[in-house]
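Here are the chains, one letter per residue:
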Amino acid sequence: GSSSIGFLSSPNRACVALSRARDGMIIVGNLSQLANQSQFWAIIQSILEKREMVGHSLALRCATHGNISHVSNARDFEKLKDGGCGQPCATILSCGHPCASICHWTSVRHSCKQPCPRTCAHGHPCSQPCSQPCGDCEIRVEIELEKCGHYVQLPCHLRDELNSVKCPQVCAVLLECGHVCGHECHGSDSSHPPCRAPCPKLCLQDRHPCKGKCWENCPDCMINVERYLPCGHTVTLPCHIPTQAYECTKKCAKILDCGHPCKSLCYEDCDTECRFHGSIQLPCGHSVTGRCSSQLVCSQPCGQLLACGHKCAARCGQPCTVECQVLVVPTSLGDANENHCSHVQKVPCHLANDSDSERTSYKCTEKCNTSLPCGHKCTGTCFKCTEYDIHSSCQLACQRRLLCGHPCQGICGELCPPCKEKSDYRCPHMKSGVRCGEPPRACKEKCTWKCAHLKCSKKCGSACNRVACELPCEVKLPCGHKCRAQCGELCICAECNGLAVNEEKLVNLGCGCPVKNEEILQHNSLSYVRMFECPKCRHPVKFSHQYKQNIAKQLKLIEKLSDYLFTKSAQVNVRTQSLQKAIHAELESENLHCEAEKYLNLMHKKLSNALDTRKLMNSRDLNSMEVQFEMYKMIVKSSSNLDKLAIGILALHSLSSLVIGQVEHKFAHSAPQTCKKLQPPELLSFVDGLWKFCEKCDKFYQQSCDDPLCQPVENKV
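What you see is a predicted model, and the numbers here were worked out from it, not measured in a lab.

A. Local environment of the overall build of the chain. A count of helices and strands for the chain gives 13 helices and 16 strands. Rg of the C-alpha trace for the chain: 59 Å, well past the compact-globule value of 27 Å for 717 residues, more than 25% over. The proportion of buried residues among the 717 residues of the chain is 35%. Taking as baseline every contact in the chain between residues at least 6 positions apart, the subset at least 24 positions apart corresponds to 31%. Looking at the chain as shown, the accessible area adds up to about 45,400 Å², and 51% of this sits on carbon and sulfur atoms. The average position of the 83 basic charges and that of the 69 acidic charges among the side chains of the chain differ by 9 Å.

Here it is, written out as structure tokens:
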């Protein structure tokens, strides 16, 4: 182990330790090690050795016997653990016996372990050691109890307390019933507890033994026996119940007049009305499911042939059809189709032979099936599309292009929702883009735009500090032709793309289309809010060092437009209240068409429910309703000849930019002078080609900028 002596090497600490004893002091330890480690302890060792005060053991003297014991380790102390010398104590105690313990310290109490010589009052010896108190005598003796005469075994010290002793014997006195008492001994008392023996009596009906006790009154016999009832059924009853007093709860076995069994219980009166419920055959031969006592009517088709040869459409239990409603081609089509549609006119059979004037009120119920601007077929009813001069909202998948370039995942006839896909734009260092409409993450890696002549030294997410290299690319393509791109850009072959071979440089934006720089800048300089794209295939550019700032500008516009539309979503409550008030005012106006009033009431009710329940509408659904109402008012005020078109707009399930295009086309055809002044309301849609941005007034618009300071711009494509 370590030879260091720690704080004992300090003379001050050692001096304090050695100067505290008053009567004497013994130091236990390795004096040689202390002396080797400290000059102070070397002096102490020298002094102690001169005085012969150093040794290998400690002499201890027994205060009782005077014996001296030498101890030098822990095992020696174990022999003297009681403080004596290890010999028997042998001190004469007050009882006269010598102490039998090993020699111990004088402060330890002597304890005599010899048997006690004393006896109890009746001569029984004490069972405790001599040093312990005698206590009560526990030797058991047989004693006769005075109150009953029984002998019991009791401890000797209870001789004088017999009144409190309880006799453990059983009373054997014969009772009047003939049974032995059997209870605990209750002395000379002549009154005995009730007899606990089983009752020996038998029941009067079937002679079953009684289940009660001897001293109790016999209870009713509860043994179950099988009895025959007067109705003919058998039942299991307790022995004491007579069959005349029992009501049979089994089902009645009688058959009613209708042929069905009675549903009542045996003890009840039979049913006056049959309660059977199930399949019942009617006089017509058909079966129906129902209750027998009800007036059942056959619900099967009649099947009878009418005079026209068609089957009756009524139910079997109803009067046959008077006017056949089967649609047929009339015998005389007349000069023109009254519905003004391409379908062959069909009318109910009972009108087939009538004059044309009597068929004019019948409307075509075929599907419209007209090709819509979206490319889908109209699924509306023909007469509605014809009557309102506008097609129903398309309910198929949209798939139109959004601002970000992805296809729309919404419904074709509704406003396009924001894209939920990841943006295609990302730099070479990023594995995936952010969500469409959100600002791209600024890449902090070094820019990779370099060629043999120029190199960008900026971060990838910052604007580059170089321009496109003006020298041609010297790479020879796998097709064998020379690359026509600029040095350091994506390669492109002019010959393979069918272009004339000249010195003009081409640009590959990643889609493979060979385009000129001027075409790219001209196409993407228009005021439309959309991704930076190829002017030929219109594919969004995922990344380009040369057009990094142009791409960032377009992404910033899309982000700004998303924030603008989000602001509109935050105003849904105010917009709902405003639209509700406007519709309410319109409903209060005079000369309101009954059909327009019906649809306006439905819109007003929907808005009121949204405000009352605080379950606000989706911003785009609310916008669709806003546009419907505004278009309705503009058309009604502009031309009285287009009332049906205005009502048709209110009847639409939803609106989209394509539906607005239909309305503009109809309006331009019917009222060309008024159409020039028509400004359709703003559509909160994310569809591509709808939104534009005016840099002069810093505003988004859809038709033309309404700021008087701005120059007129082109109309929406």
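So much for the structure itself; the text now carries on.
B. Main features of the nonpolar core. One finds Ile390, Val529, Ile583 and Leu600 to be the most contacted residues of the largest nonpolar core, which totals 78 residues. Within the residue set of this core, elements represented by two or more residues are α5 (382-388), α7 (548-570), α8 (572-588), α9 (594-613), α10 (619-638), α11 (643-651) and α12 (657-670). Sort the elements by how many residues they give to this core and α10 lands first, with seven residues. Contacts of Leu600, omitting those with residues within four sequence positions, involve Ile583, Glu586, Leu587, Leu592, Phe629, Tyr632 and Leu650.

C. How the structure looks around the packing of aromatic side chains. For the structure shown, the criterion picks out six aromatic pairs. With centroids separated by 6.0 Å and ring planes inclined at 80°, the aromatic side chains of Tyr564 and Trp691 adopt a geometry described as edge-to-face. Residue Tyr564 is found in helix α7, and its partner Trp691 is found in the loop between α13 (672-675) and β15 (692-694); the two are separated by 127 residues along the sequence. Take Trp691: its relative accessible area is 0%, and that puts it in the buried class. Joined through ring pairs, the aromatic side chains of Tyr564, Trp691, Phe693 and Phe700 make up one cluster. Sitting over the ring of Trp449, Arg466 keeps its end group 4.0 Å from the ring centre.

D. Here's a closer look at the packing of helix α1 (residues 11-18) against helix α3 (residues 39-50). Closest axis-to-axis distance for the α1/α3 pair is 9 Å, and the angle between their directions is 35°. Counted together, Pro11, Ala14, Cys15 and Leu18 of α1 and Phe40, Trp41 and Ile44 of α3 form the full contact between these two elements. Its residues placed into classes, the contact of α1 with α3 shows seven nonpolar, no polar and no charged.

E. Examining the environment of Lys147 more closely. Along the chain, Lys147 falls in the loop between β5 (140-144) and β6 (151-155). Once the C-alpha coordinates of Lys147 and Leu162 are considered, the two residues, 15 residues apart in sequence, prove to be 9.5 Å apart.

F. Molecular detail of the pairing of strand β8 (residues 234-238). Sheet topology places strand β7 (residues 224-228) next to β8; five bridges connect them, and they run antiparallel. Across the sheet, Arg227 pairs through a bridge with Val235, a residue of β8.

G. Inspection of a negative patch on the surface at higher detail. Where like charges cluster on the molecular surface, the negative patch consists of Asp136, Glu138, Asp160 and Glu161. Turning to its location among the elements, Asp136 is positioned in the loop between β4 (102-104) and β5. Accessibility expressed as a relative area gives 54% for Asp136, which makes it exposed.

H. How the structure looks around unusual backbone geometry. In this structure, Gln399 is a non-glycine residue whose phi angle is positive, near 65°. Tracing the sequence through the fold places Gln399 in the loop between α5 and β13 (507-508). Residue classification places Gln399 among the partly exposed positions, given a relative accessible area of 46%. The backbone of Asp698 shows a phi angle near 55°, a positive value even though the residue is not glycine. The topology assignment puts Asp698 in the loop between β15 and β16 (699-701). We classify Asp698 as partly exposed; its relative accessible area is 44%.

I. Spatial organisation of the pattern of salt bridges. The tally for this structure, following the rule as stated, stands at eight salt bridges. Notably, a salt bridge pairs Glu533 with Arg538, separated by 2.8 Å at the nearest N-O pair. Look at Glu533 and you get buried, because its relative accessible area is 0%. Under the relative-accessibility criterion, Arg538 is labelled partly exposed at 28%.

J. Structural view of α3. An ideal rise of 1.5 Å per residue puts 16 Å on 12 residues; α3 measures up with 17 Å between its terminal C-alpha atoms. Among the residues of α3, those classed as buried are Trp41, Ile44 and Gln45. Viewed along the axis of α3, the buried residues span an arc of 105°, placing them on a single side of the element. Residues of α3 that are exposed and angled more than 90 degrees away from the buried face: Gln39 and Lys50. The N-terminus of α3 is capped by Ser38, whose side-chain oxygen sits 3.3 Å from the backbone nitrogen of Phe40.

K. Molecular detail of α8. Taking 1.5 Å per residue, 17 residues should reach 24 Å; α8 reaches 24 Å between its end C-alpha atoms and fits that length. Those residues of α8 that sit buried are Val572, Arg575, Thr576, Leu579, Gln580, Ile583, Glu586 and Leu587. Buried residues along α8 cover an arc of 135° about the axis, so they all sit on one side. Within α8, the exposed residues directed more than 90 degrees away from the buried face are Val574, Lys581 and Glu588. Of the surrounding secondary structure, the elements contacted by the buried residues of α8 are α7, α9 and α10.

L. A look at the confidence of the model for the chain. For the chain, the average pLDDT comes to 81, and 91% of its residues sit at 70 or higher. Here α13 is the element of the chain with the lowest mean pLDDT, 56, and α8 is the one with the highest, 91. Here residues 711-717 is modelled with pLDDT under 50, and outside its nearest four sequence neighbours on either side it reaches 19 contacts, counting other chains as well.

M. Structural view of a positive patch on the surface. Together, Lys444, Lys446, Lys450, Lys455 and Lys459 make up a positively charged patch on the protein surface. Tracing the backbone through its elements, the reader meets Lys459 in the loop between α5 and β13.

N. A look at the packing of α8 against α9. The interhelical angle for the contact between α8 and α9, taken along N-to-C directions, is 150°, at an axis separation of 9 Å. Here α8 runs over α9; the crossing is left-handed. The residues of α9 that touch α8, namely those facing Asn573, Thr576, Gln577, Leu579, Gln580, Ile583, His584, Glu586 and Leu587, are Glu597, Leu600, Asn601, Met603, His604, Leu607, Ser608 and Leu611.

O. Spotlight on the environment of Phe532. Following the sequence through the fold, Phe532 ends up in the loop between α6 (517-523) and α7. Separated by 515 residues in the primary sequence, Phe532 and Ala17 have C-alpha atoms spaced 92 Å apart. Contacts of Phe532, omitting those with residues within four sequence positions, involve Ile520, Asn524, Pro540, Val541, Tyr547, Asn550, Ile551 and Gln554.

P. Inspection of the pairing of strand β1 (residues 58-61) at higher detail. Direction of pairing for β1 relative to strand β2 (residues 68-71): antiparallel, over a ladder of four bridges. In the strand pairing of β2, Leu58 is matched with Val71. Hairpin connection between β1 and β2: a loop of six residues separates the two successive antiparallel strands, and Gly66 in this loop has a positive phi of roughly 80°.

Cut-offs and rules
- For every chain, the first residue of the written sequence is number 1, and numbering continues from 1 along that sequence.
- In keeping with the model being predicted, local features are shown solely for residues with a pLDDT of at least 70 and side-chain atom pairs are shown and tallied solely at 80 or more, while totals for entire chains, interfaces and linings include all residues.
- With hydrogens and water stripped out, all remaining heavy atoms of the structure feed into the side-chain values.
- Secondary structure elements are taken from DSSP: a helix is a run of H or I of four residues or more, a strand is a run of E of two residues or more, and numbering for both begins at the N terminus.
- When we talk radius of gyration, it's over C-alpha atoms, and the globule rule is simply 2.2 Å times the number of residues to the 0.38.
- Each residue's exposure class comes from its accessible area (1.4 Å probe, protein chains only) as a fraction of the maximum for that residue type: buried when under 20%, exposed when over 50%, partly exposed otherwise.
- A contact between two residues is defined here by any heavy atoms of the two lying within 4.5 Å.
- Per-residue and other accessible areas follow the Shrake-Rupley method at a 1.4 Å probe size, with only the shown protein chains counted as cover for residues.
- Counted as positive: Lys and Arg. Counted as negative: Asp and Glu, with His and the chain ends omitted from the count.
- The location of each charge is read from NZ of Lys, CZ of Arg, CG of Asp or CD of Glu.
- As used here, the term nonpolar core means buried Ala, Val, Leu, Ile, Met, Phe, Trp, Tyr and Cys residues forming a set that is joined through side-chain atoms within 4.5 Å.
- Ring pairs are drawn from Phe, Tyr and Trp, using the six-membered ring of Trp, whenever the two centres fall within 6.5 Å, and their geometry is named by plane angle: stacked under 30 degrees, edge-to-face over 60, tilted for the rest.
- Two limits define a charge over a ring: the Lys NZ or Arg CZ must be within 6 Å of the ring centre, and within 35 degrees of the ring normal.
- In this analysis, axes come from line fits to C-alpha atoms, helices being fitted only over the stretch in contact, and the angle between any two N-to-C directions falls in the range 0 to 180 degrees.
- All amino acids are sorted into three groups, where Ala, Val, Leu, Ile, Met, Phe, Trp, Tyr, Cys and Pro are nonpolar, Asp, Glu, Lys and Arg are charged, and the leftover types, Gly among them, are polar.
- Paired strands, in this sense, are two strands between which DSSP finds at least two bridges.
- Distance thresholds for patches are 9 Å for like charges and 5 Å for nonpolar side chains (Val, Leu, Ile, Met, Phe, Trp, Tyr), applied to residues having over 30% relative accessible area and no salt bridge.
- Any Lys or Arg side-chain nitrogen found within 4 Å of a carboxyl oxygen on Asp or Glu counts as a salt bridge.
- What a helix is expected to span follows from its residue count: subtract one and scale by 1.5 Å.
- By construction, the arc corresponds to the directions joining the helix axis to the C-beta atoms.
- In the analysis that follows, any N or O atom pair within 3.5 Å is treated as a polar contact, provided that within protein one partner can donate a hydrogen and the other can accept it, and provided that, for residues neighboring in sequence, both atoms belong to side chains.
- What pLDDT conveys is the predictor's confidence in a given residue, as a value from 0 to 100.
- Take the far helix as the reference: if the near one is turned anticlockwise from it by less than a right angle, the crossing is left-handed, and if turned clockwise, right-handed.

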